[in-house]
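# Tertiary structure, described
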Amino acid sequence: MPFSQKLLQLKEEVLAEAKPLFAHVDEVSEANTLKVLDAMRECHVSDAHFNTTSGYAYDDIGRGKVEELFAKVFGAERALVRTQFVSGTHALATVLFGILRPGDELVSLTGKPYDTMQTVIGYDNPSPGSLKEFGILYHELPMIDGKVDLAHIPDVITEKTKMVLIQRSRGYSMRSPLSIADIREITTAVKRVKPDCVCFVDNCYGEFVDTQEPVQAGADIMAGSLIKNPGGGIAPTGGYIAGKDKLVELASYRLTAPGMGDELGASLANNRLILQGFFLAPHVVAQAIKGALFAAGLFAKLGYRTLPLPTDVRGDIIQAIELDTPEKLIAFCGGIQKYSPVDSFATPEPWDMPGYADQVIMAAGTFVQGASIELSADGPMRAPYNVYLQGGLTFEHAVIGILGAAQAIEDLNTK
Ligand SMILES: *Cc1c(COP(=O)(O)O)cnc(C)c1O
């Protein structure tokens, strides 16, 4: 074993302590697997649905089946699941532009949104093509102590508020992710003030972490990425939108064109990859959460602040660890990269990234480019040098990668 005696000993302690926590993760995974299997039976998924199509792709039975299945599993009236979505941001932006009109107001209830969503909104300036440039107003309710400020929701929702944005995952911040119970509380508070206000959840990194999804907890519509949780590590690209029939229809006119909506769009990828990935997703998400729990336990024992703690209720698959120094952040990412299946011979370095104020370092030796359901770690080069770790298609790989990261930090002392 390329790891120190001390780390191997800690590994055994962490695994022993994690057993009851793992049992809960397994229960969620089993419940979600049953939910997917029941839906596959009810939808009559068959190998006739596996093929791809070309051209306009009217009556693409595979595409239709994938969307029927996603809607059923997520408890939504309708879903759009497309490889034409280039990323999660694209699916989220399609919802915003599909539903909001000039003069409408969007209110974020989870403070400052995820970095790429700020560009979509036109957060700092009405950047070309942004919501602000189209005359859509934006306000936000800052979070307090990492939680949604429920008491002040009535103050920020006005006549003009067409939609609220609720980001489930922490993104690159040390706030808490939202549980399904949190989302239910927030949507209830919004509907009490304005029953027709659209509750839109950015569900990235949240799918299958719980046995329910946000549209089953009062959200009207939600969106996410297929190279995160619901793609199961198999979907090669794409995104999804799921929710109320009329709202998903509006989004579909933005994805294609008014009048065309969801009736066109060649599958491009084999639908089998999306169906197989969706079938695997509950298990893969469980593998990633076990990896996150292992990382939280190990680095807590090594004396670092970790968020969430191993015993906290999880709302996403991200594990944040405060590493305190730039050297440790670089070493951590180097350790993850070294034990990746792809590009393991490369050494990650901090780099300037478009849209980020500080340099960012990223470890991602993934089969699907940028897929963060695969084991990956990244962080901005600023104090307190947080690393955000996520993914892991197998728990074994997560354990080895995390031990590799801890070993690389340990080796800094012997240099
Ligand atoms: C990943 C993510 C997105 C979308 O990012 P893409 O890289 O465009 O898929 C949006 N919001 C949150 C909270 C995310 O984690």
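Residues numbered from 1 in each chain as written. Predicted model: local features only at pLDDT ≥ 70, side-chain atom pairs only at ≥ 80, totals over all residues. Heavy atoms only, no water.

### Considerations on the packing of aromatic side chains
- The tally for this structure, following the rule as stated, stands at 16 aromatic pairs.
- With 5.3 Å between their ring centres and 85° between their planes, phenylalanine 22 and phenylalanine 395 make a pair best called edge-to-face. Of the two residues, phenylalanine 22 sits in helix 1 (residues 5-42) while phenylalanine 395 sits in helix 10 (residues 395-412), which places them 373 residues apart along the sequence. When sorted by exposure, phenylalanine 22 lands in the same class as phenylalanine 395, which is buried.
- Seen in terms of ring centroids, phenylalanine 74 and tyrosine 240 are 5.2 Å apart; in terms of plane orientation they differ by 50°. Their pairing is tilted. In this pair, phenylalanine 74 is assigned in helix 2 (residues 61-74) and tyrosine 240 in strand 7 (residues 239-243), connecting sequence segments 166 residues apart.
- Residue phenylalanine 74 is classed as buried on the basis of its relative accessible area, which comes to 0%.
- A cation over a ring is seen here: lysine 228 above tyrosine 114, with NZ or CZ 5.7 Å from the ring centre.
- We note lysine 228 situated over the ring of tyrosine 205; from NZ or CZ to the ring centre the distance is 4.1 Å. (Phe/Tyr/Trp six-rings, centres within 6.5 Å; stacked < 30°, edge-to-face > 60°. Helix = DSSP H or I, 4+ residues; strand = E, 2+ residues; numbered from the N terminus. Buried < 20%, exposed > 50% of the residue type's maximum accessible area, 1.4 Å probe, protein only. Lys NZ or Arg CZ within 6 Å of the ring centre and 35° of its normal.)

### A word on the site of the ligand
- In the region of the ligand, the neighbouring residues are Ser87, Gly88, Thr89, Leu92, Tyr114, Gln167, Asp202, Cys204, Tyr205, Ser225 and Lys228.
- Between the ligand and threonine 89, the relevant distance is 2.5 Å, taken from an oxygen atom to a side-chain nitrogen or oxygen of the residue.
- Between the ligand and aspartate 202, the relevant distance is 2.6 Å, taken from a nitrogen atom to a side-chain nitrogen or oxygen of the residue.
- For the ligand, the accessible surface in isolation is 380 Å², of which the surrounding protein chains cover 88%.
- Its residues placed into classes, the shell around the ligand shows 4 nonpolar, 5 polar and 2 charged. (Near = heavy atom within 4 Å. Polar contact = N/O pair within 3.5 Å; in protein donor to acceptor, adjacent residues only side chain to side chain. Areas by Shrake-Rupley, 256 points an atom, 1.4 Å probe, with all protein chains shown as cover. Nonpolar A, V, L, I, M, F, W, Y, C, P; charged D, E, K, R; others polar.)

### What about the domain arrangement of the chain?
- Splitting the chain by domain gives domain 1 (5-32 + 278-414) and domain 2 (51-269).
- Of note, the centres of domain 1 and domain 2, computed from C-alpha atoms alone, are 26 Å apart.
- Counting from both sides, the interface comprises 34 residues of domain 1 and, opposite them, 32 residues of domain 2.
- Summed over both sides, the interface between domain 1 and domain 2 buries roughly 2,800 Å², with carbon and sulfur atoms accounting for 67% of that surface.
- The three residues of domain 1 that bury the most area against domain 2 are Phe278, Gly315 and Asp316, which together make up 24% of that side's buried surface.
- Summed over the shared surface of domain 1 and domain 2, the result is 10 residue pairs in polar contact (both at pLDDT 80 or more).
- Of all the elements in the fold, those that place two or more residues in the side of domain 1 that touches domain 2 are helix 1, helix 8 (271-301), strand 8 (305-307), strand 9 (319-322) and strand 12 (386-390).
- Sorting elements by how many residues they give to the side of domain 1 that touches domain 2 places helix 8 first, with 7 residues.
- Residues belonging to the side of domain 1 that touches domain 2 are distributed by class as follows: 21 nonpolar, 8 polar and 5 charged. (Domains from an automatic or database assignment. Contact = heavy atoms within 4.5 Å. Buried area = accessible area lost by both parts, 1.4 Å probe.)

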